[in-house]
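Below, each chain spelled out in residue letters.
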Amino acid sequence: MADVTIASGAAGIDAPVRVRPRLSQDEALQRGLLGWVILYLVCALLIPLGMVGMKAFQTFSFRLDQVEVEFQRDGRWGERATLADWAARSNYIVNGGLRASERTRELPSKIISRGDRRGVSAMRLRDLSASSNLLMVDSAAVRSGDWWEVPASAFGQVQIRPAMAYGIDNFRHYFGTPSLRQSILNSVGIALLVSAIVTPIAFIFAYGLTRTNMRGKGTFRLIASVPVLIPSLLPAIGLIYLFGKQGVLTPLLFGASIYGPLGIVLASIFFTLPHALVIMIVALGAADQRLYEAAEVLRASPWRIFRTVTLPGARYGLISATFVVFTLVVTDFGVPKVVGGDFQMLALDIYKQVIGQQNFQMGAVVSMILLVPAVFAFALDRVVSRKQVALLTARAVPYEPKLDPARDRAFFAACAMISVFILAVLATCQIAAIAKFWPYDLTPSLRHFDFNRMDGGGWKSYWNSLQLAVLVATIGAVLIFLGAYLMEKTRGFEVGRLITHLLAMVPMAVPGMVLGLAYIFFFNNPSNPLHVIYGTMAILVVCTVSHLYTVPHLTASTALKQMDGEFESVSMSLKQPFWRTLGRVSAPVCFPSIAEIWIYLFVNAMTTVSAVVFLYSPSTTLASIAVLNMDDAGDIAPAAAMGMMIFYTNVAVRVAHTWLVGMMVERGQKWRKR
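As the structure is a prediction and not an experimental result, all values here were calculated from the model.

Here we look at the overall build of the protein
Part 1: Counting its secondary structure elements, the protein contains 25 helices and 14 strands.
Part 2: Counting only C-alpha atoms, the protein reaches 110 × 95 × 40 Å along its principal axes.
Part 3: Long-range contacts, defined here as pairs at least 24 residues apart, represent 77% of the contacts in the protein between residues at least 6 apart.
Part 4: On the protein, roughly 30800 Å² of surface is accessible, and the fraction owed to carbon and sulfur atoms is 62%.
Part 5: Averaging the positions of the 59 positive and the 41 negative side-chain charges in the protein gives two centres separated by 7 Å.

Here we look at the confidence of the model for the protein
Part 1: Looking at the protein as a whole, the pLDDT averages 81, with 91% of positions reaching at least 70.
Part 2: Strand 1 (residues 4-6) is the least confidently modelled element of the protein, averaging 49 in pLDDT, while helix 19 (residues 537-547) averages 92, the highest of any element.

Considering the packing of aromatic side chains
Part 1: Counting across every chain of the model gives 19 aromatic pairs.
Part 2: Ring pairing ties together the aromatic residues Phe-203, Tyr-207, Trp-303, Phe-306 and Phe-411, which thus form one cluster.
Part 3: The ring of Trp-147 carries Arg-124 above its face, with NZ or CZ at 5.0 Å from the centroid.

Here's the deal with the packing of helix 20 (residues 550-561) against helix 23 (residues 591-607)
Part 1: Relative to each other, helix 20 and helix 23 sit at 175 degrees, their axes nearing to 10 Å. The orientation of helix 20 with respect to helix 23, classified from their angle, is roughly antiparallel. Of helix 23, the residues touching helix 20 (which contributes Val-551, Pro-552, Thr-555, Ala-556 and Ala-559) are Ser-593, Ile-597, Tyr-600 and Leu-601.
Part 2: A per-class count over the contact of helix 20 with helix 23 returns 7 nonpolar, 2 polar and no charged.

Considering the pattern of salt bridges
Part 1: Counting across every chain of the model gives 10 salt bridges.
Part 2: A salt bridge links Glu-68 to Arg-126, with the shortest nitrogen-to-oxygen separation between them at 2.6 Å. Placement of Glu-68 in strand 4 (residues 67-73) and of Arg-126 in strand 7 (residues 122-127) is noted, with a sequence separation of 58 residues between them. Per residue, the accessibility class of Glu-68 equals that of Arg-126, and both read buried.
Part 3: In this structure, Arg-124 engages Glu-70 in a salt bridge whose closest nitrogen and oxygen atoms are separated by 2.6 Å. With Arg-124 in strand 7 and Glu-70 in strand 4, the pair connects residues that are 54 residues apart, well separated along the chain.
Part 4: For Arg-124, a relative accessible area of 18% corresponds to the buried category.

Points about the nonpolar core
Part 1: Counting residues in hydrophobic clusters, the biggest one holds 170 residues, and the most contacted among them are Tyr-174 and Leu-601.
Part 2: Leaving out residues up to four positions away in the same chain, Leu-601 has contacts with Val-472, Ala-473, Gly-476, Ala-477, Ile-480, Leu-548 and Pro-552.
Part 3: With 25 residues, the next largest nonpolar core counts Val-69, Ile-111, Val-158 and Ile-160 among its residues.

Some remarks on the sheet that holds strand 11 (residues 158-160)
Part 1: The 3 strands are arranged 9-8-11 in an open sheet whose pairing can be described as antiparallel. If you trace the sheet from one side to the other, it starts and ends with strand 9 (140-141) and strand 11, each paired once.
Part 2: Inspection of the sheet shows strand 8 (residues 135-137) paired to strand 11 by 3 bridges, in the antiparallel sense. If you follow Val-137 over to strand 11, its bridge partner there is Val-158.

Considering empty space enclosed by the protein
Part 1: One pass over the structure, following the stated rule, counts 6 cavities of 30 Å³ or more.
Part 2: By volume, the largest cavity amounts to about 590 Å³.
Part 3: Around the largest cavity, the lining comprises 34 residues; the ones closest to its centre are Phe-271, Leu-328, Asp-332, His-547 and Ser-610.
Part 4: For the lining of the largest cavity, the element with the highest residue contribution is helix 23, accounting for 3 residues.
Part 5: Counted by class, the lining of the largest cavity contains 22 nonpolar, 11 polar and 1 charged residues.
Part 6: Of the volumes computed, that of the second largest cavity is approximately 200 Å³.
Part 7: At the level of elements, helix 6 (217-224), helix 8 (261-285) and helix 23 are the ones that each hand at least two residues to the lining of the second largest cavity.
Part 8: Ranked by the residues each element gives to the lining of the second largest cavity, the list is headed by helix 8, at 6 residues.

Here we look at the state of the cysteines
Part 1: Taken as a whole, this structure holds 0 disulfides when the rule is applied.
Part 2: You can see Cys-43 has no disulfide; the closest cysteine sulfur is in Cys-543, sitting 14 Å from it.
Part 3: By relative accessible area, Cys-43 is classed as partly exposed at 24%.

Notes on the side chain of Thr-649
Part 1: Relative to the elements of secondary structure, Thr-649 occurs in helix 25 (residues 636-668).
Part 2: Given the relative accessible area of 8%, Thr-649 is considered buried.
Part 3: Those residues in contact with Thr-649 that sit more than four places away from it in its chain are Tyr-462, Leu-466 and Met-606.

Considering a nonpolar patch on the surface
Part 1: Residues Met-54, Phe-57, Met-164, Tyr-166 and Ile-168 make up a contiguous nonpolar surface patch of roughly 490 Å² in combined accessible area.
Part 2: By the secondary structure assignment, Ile-168 is in the loop between strand 12 (163-166) and helix 4 (169-175).

Brief notes about the pairing of strand 4
Part 1: Counting buried residues along strand 4, 6 of its 7 residues qualify, which places the element largely inside the surrounding structure.
Part 2: By the bridge criterion, 6 bridges tie strand 4 to strand 7 in an arrangement that is antiparallel. Across the sheet, the residue bridging to Gln-72 is Ala-122, located in strand 7.
Part 3: Taken together, the 2 bridges between strand 4 and strand 6 (residues 81-82) define a ladder with antiparallel strand orientation. Bridging across to strand 6, Val-69 finds its partner in Ala-81.

A closer look at helix 19
Part 1: Helix 19 sits mainly inside the fold: 9 of its 11 residues count as buried.
Part 2: Measuring from the backbone nitrogen of Ala-538 back to the side-chain oxygen at the start of helix 19 gives 3.3 Å, which picks out Thr-536 as the cap.

Some words on unusual backbone geometry
Part 1: You will see that Asn-91, though not glycine, has its phi angle at about 55 degrees, which is positive.
Part 2: The class of Asn-91 is exposed, set by a relative accessible area of 64%.

A closer look at the environment of Ile-223
Part 1: Along the chain, Ile-223 turns up in helix 6.
Part 2: In this view, Ile-223 contacts Ser-419, Ile-422 and Leu-423; residues no more than four positions away in its chain are not counted.

A few points about the side chain of Arg-654
Part 1: Mapped onto the secondary structure, Arg-654 falls in helix 25.
Part 2: Apart from the residues within four sequence positions on either side, Arg-654 is in contact with Arg-221, Leu-222, Ser-225, Glu-596 and Ile-599.

Some details on the environment of Val-470
Part 1: By the secondary structure assignment, Val-470 is in helix 16 (residues 459-489).
Part 2: A C-alpha to C-alpha distance of 8.5 Å links Val-470 and Ala-605, two positions 135 residues apart in sequence.

Topic: the environment of Ala-140
Part 1: Along the polypeptide, Ala-140 turns up in strand 9.
Part 2: On the basis of relative accessibility, which here comes to 39%, the residue Ala-140 falls in the partly exposed class.
Part 3: As for Ala-140 and Val-158, which are separated by 18 residues in sequence, their C-alpha atoms are 9.5 Å apart.

The rules behind these values
- Residues numbered from 1 in each chain as written.
- Predicted model: local features only at pLDDT ≥ 70, side-chain atom pairs only at ≥ 80, totals over all residues.
- Heavy atoms only, no water.
- Helix = DSSP H or I, 4+ residues; strand = E, 2+ residues; numbered from the N terminus.
- Contact = heavy atoms within 4.5 Å.
- Areas by Shrake-Rupley, 256 points an atom, 1.4 Å probe, with all protein chains shown as cover.
- Lys, Arg positive; Asp, Glu negative; His and termini not counted.
- Charge placed at Lys NZ, Arg CZ, Asp CG, Glu CD.
- pLDDT = per-residue confidence, 0-100.
- Phe/Tyr/Trp six-rings, centres within 6.5 Å; stacked < 30°, edge-to-face > 60°.
- Lys NZ or Arg CZ within 6 Å of the ring centre and 35° of its normal.
- Axes fitted to C-alpha atoms, helices over the stretch in contact; angles between N-to-C directions.
- Parallel < 35°, antiparallel > 145°, perpendicular 65-115°, else oblique.
- Nonpolar A, V, L, I, M, F, W, Y, C, P; charged D, E, K, R; others polar.
- Salt bridge = Lys/Arg side-chain N within 4 Å of Asp/Glu carboxyl O.
- Buried < 20%, exposed > 50% of the residue type's maximum accessible area, 1.4 Å probe, protein only.
- Core = buried A, V, L, I, M, F, W, Y, C linked by side-chain atoms within 4.5 Å.
- Pairing = 2+ DSSP bridges.
- 1 Å grid on protein atoms, 1.4 Å probe; cavity = no way out; pocket = protein on both sides within 12 Å on 5 of 7 lines; lining within 4 Å.
- Points joined across faces, edges and corners; volume = space filled by probe spheres on them.
- Disulfide = S-S within 2.5 Å.
- Patch = residues over 30% accessible without salt bridge, like charges linked within 9 Å, V, L, I, M, F, W, Y side chains within 5 Å.
- Polar contact = N/O pair within 3.5 Å; in protein donor to acceptor, adjacent residues only side chain to side chain.

Shown next, in the form of structure tokens:
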């Protein structure tokens, strides 16, 4: 509650008296719960990512001038010299001219040649550095300042490790490397192009589902959700089967290659479409019929109604969907890994730096660069959200589309074209999974589903994925909707609400691989009280919920923004606690959105790879990880089969979910219909 300043009114007393009203029990409880949500986001996101930020500024270099060497010949110790002096004499290039990392080691026996060591019976070394132990003898660090004597025969066992410092050298190296700089331009260009394509497609598709009377809405909605039901690697494999060197549709490319920007754009359109569609359906799903009736009474043309009523109402969803698609494309590594060819992308750089070169510092640098889109998304989102008005008030009348056969046929055709593209890729993946040997022997066979005989994972991985998906969907839906509700409906506490929204936007720009590495740095530390969850299913749940937080948060926030604040005002005037309003009004009204959040979390938990690839243990292997491992091992067909198993499961759950939610909405929200 805001402070109130009043004049004292007493003669001779001019200073105003600031009155700070006491918080009501409801307000204190709301702020306390919002504080717990913030604490969760801080522990699950901010601190681990902060450790990644520290890694980005860590630099390592060999301080040869800090190591002194002395040789013994004929029982007498000779001249002292540093390793830097020896390296200068022999023109030795430290670490072959490559950048050192924390795992890099250098051998003094390589710096001082055998010829210079001829006749030496013993040698001793001393670390002159004040704060770091540079010398390692028999893989153990030695204390600085003391001489360590080793026999000549054991000199090869002495190692030097690099000294750590903090600075911006990693960023200088990144921006000083043309190939790495080009990755930024490539990623931004591809992301902008995909966003410009996917957002209108998602709008058209969602408009057809929510604002027309076209046939087959349920079928189209189910088809549009297909891309999110399968791992992101699978559509890329399907595109290769379609347009690759032996693809059945390769002539349609007229000589162009699917490996590169074309393949990345097509595959990115495929897998980002359902993410944008979820937001657009929520944005277009709620509208006040009275606005359209008033516009028609004023004889406004359909185009003018669309431009002045429909678009402003969906503006928040359009912008949110655009940034969701943009950041998904920028942070995805699966698609460019499979069909990118030599085309460099930022997320692929992280994969190469971390997985290929074990260079965590450079991976952290790229992840810091990837946070930039989240900052822009957050700033623009705040500007737009201030101008957003409630569309569903207490007196609103739900929108019901009128009969318009021409319009319905046009949207049916558009939705059918999009659906054909999706089904073509899916059918190709299915054929690849059951064919004996693509493309030479297409005889159906189930031998690729015998996962226990394949490297990379078995049926146990599949059951672990089911367990993870249920836990993530249930716990995540409650946590995320509660956080969005408290952020939107809590009175005052602007700082807490701002922090919540900022933290909720962060995961969208953070590649799952970076988040997984951050969890290693944070949770693998034995001094951390949360270390007990490391290596268990719990850390997979926490990591997956955190990684998927942004889209459900935007979905819940969009739904809650469309509810008039009068509901809370009336509740307060009746002296009803906020949790009763939440349970009896807000949650039932937003039930369709909550249900969308649940299924979104479930299917993404089934398909997630990057966020958990470093965190699973032998007892918690996942089906999506098995797909990646089998693909890396060259077992493409079994990988496709496991991917299709994930798809079958998600389809079954999606069908059951649609039926159950439809029945509950029909029974519980009859008030929406006149």
